[in-house]
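# Architecture and fold: a report
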Amino acid sequence: LPPDEKKDIISLLKEQVKDEFSVPISAFKNDKLSCLETIVKFLKENSGLKLVRIAGILNRNSKTVWATYSKAVKKLPKRFVVKEDKISVPLSIIKSREYSVLESIVGYLKEEHELSYQNISELLGRSYRTIATVYRRYKLKKVRK
């Protein structure tokens, strides 16, 4: 391959890898943190990413990510112990700001994995009613766009 083509291929691969961050579903099963707090804390402590990099991945302001992380650490000081799950949440779904973080996750689990509200509520440690309400909101927003 000519050098120009090699550079193109390498930059394409780097782009793909950049978006391929995900969080195991078991990380969300805690009763202390919001979904965004869980994601930021997991990426910082378990993946060793800098807060500025996390902000880029999540399409959030770095000050927001810093504040989210510091709140998360106060609420849950110890590090996550997560197992490798069959299901992990790709962070590319959270980049879009049209849906809340929880709406994005519930929508992803419902539509991509075809899970029931009951299964999603158990996986995320949220009530059945919360999941049903969040998914209804997600679908309403999806129809409007």
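A brief report on the enclosed structure follows. Keep in mind that what you see is a predicted model, and the values were worked out from it rather than measured. (Residues numbered from 1 in each chain as written. Predicted model: local features only at pLDDT ≥ 70, side-chain atom pairs only at ≥ 80, totals over all residues. Heavy atoms only, no water.)

### Overview of unusual backbone geometry
Test applied: Each helix corresponds to a stretch of at least 4 residues labelled H or I by DSSP, and each strand to a stretch of at least 2 residues labelled E; elements are numbered beginning at the N terminus. Note on classification: 1.4 Å probe, protein chains only; a residue is buried when its accessible area is under 20% of the maximum for its type, exposed when over 50%, partly exposed between these limits.
Unlike most non-glycine residues, Asn 59 shows phi in positive territory, near 60 degrees. With respect to the element layout, Asn 59 can be found in the loop between α3 (51-58) and α4 (62-75). One non-glycine residue, Glu 114, lies in positive phi territory at about 50 degrees. Classification of Glu 114 as exposed rests on a relative accessible area of 69%.

### Re the pattern of salt bridges
Our working rule: The salt bridge definition used is simple: a Lys or Arg side-chain nitrogen within 4 Å of an Asp or Glu carboxyl oxygen.
For the structure shown, the criterion picks out six salt bridges. A salt bridge links Lys 41 to Glu 45, with the shortest nitrogen-to-oxygen separation between them at 2.7 Å. One end of the pair is Lys 41 and the other is Glu 45, both in helix α2 (residues 35-45) and four residues apart, which spans about a single turn. Take Lys 41 and Glu 45: they sit in the same class, and that class is buried. Where Arg 137 meets Glu 103, a salt bridge forms, and the shortest distance between an N and an O atom there is 3.2 Å. Taken together, the positions of Arg 137 in helix α7 (residues 128-144) and Glu 103 in helix α5 (residues 101-112) put the pair 34 residues apart, joining distant regions of the chain. Classification of Arg 137 by relative accessible area gives partly exposed; the value is 41%.

### Details of the packing of aromatic side chains
When we look at a pair of aromatic rings, we describe it by the centre distance and by the angle of the planes. Spelled out, the test is: Each Phe, Tyr or Trp ring (for Trp, its six-membered ring) is paired with any other whose centre lies within 6.5 Å, and the angle between the two planes then decides the class: stacked below 30 degrees, edge-to-face above 60, tilted in between. We count a charge as sitting over a ring when the NZ of a lysine or the CZ of an arginine lies within 6 Å of the ring centre and within 35 degrees of the ring normal.
One pass over the structure, following the stated rule, counts four aromatic pairs. Pairing Tyr 135 with Tyr 138 gives two aromatic rings, centres 5.9 Å apart and planes at 25 degrees, and the pair type is stacked. Placement of the pair is Tyr 135 and Tyr 138 together in helix α7, with a separation of three residues, close to one helical turn. Pair check on accessibility: Tyr 135 and Tyr 138 agree, each one buried. Taken together, the ring pairs connect Tyr 99, Tyr 117, Tyr 128, Tyr 135 and Tyr 138 into an aromatic cluster. In this arrangement the basic side chain of Lys 41 is found over the ring face of Phe 80, its NZ or CZ atom lying 5.7 Å from the centre. When the ring centre of Tyr 117 is taken as origin, the NZ or CZ atom of Lys 110, which lies over that ring, is 4.7 Å away.

### What to know about the environment of Glu 122
Relative to the helices and strands, Glu 122 is located in helix α6 (residues 117-124). Accessibility expressed as a relative area gives 43% for Glu 122, which makes it partly exposed. Once the C-alpha coordinates of Glu 122 and Ser 26 are considered, the two residues, 96 residues apart in sequence, prove to be 10.0 Å apart.

Function cannot be read off these values alone, since they describe shape.
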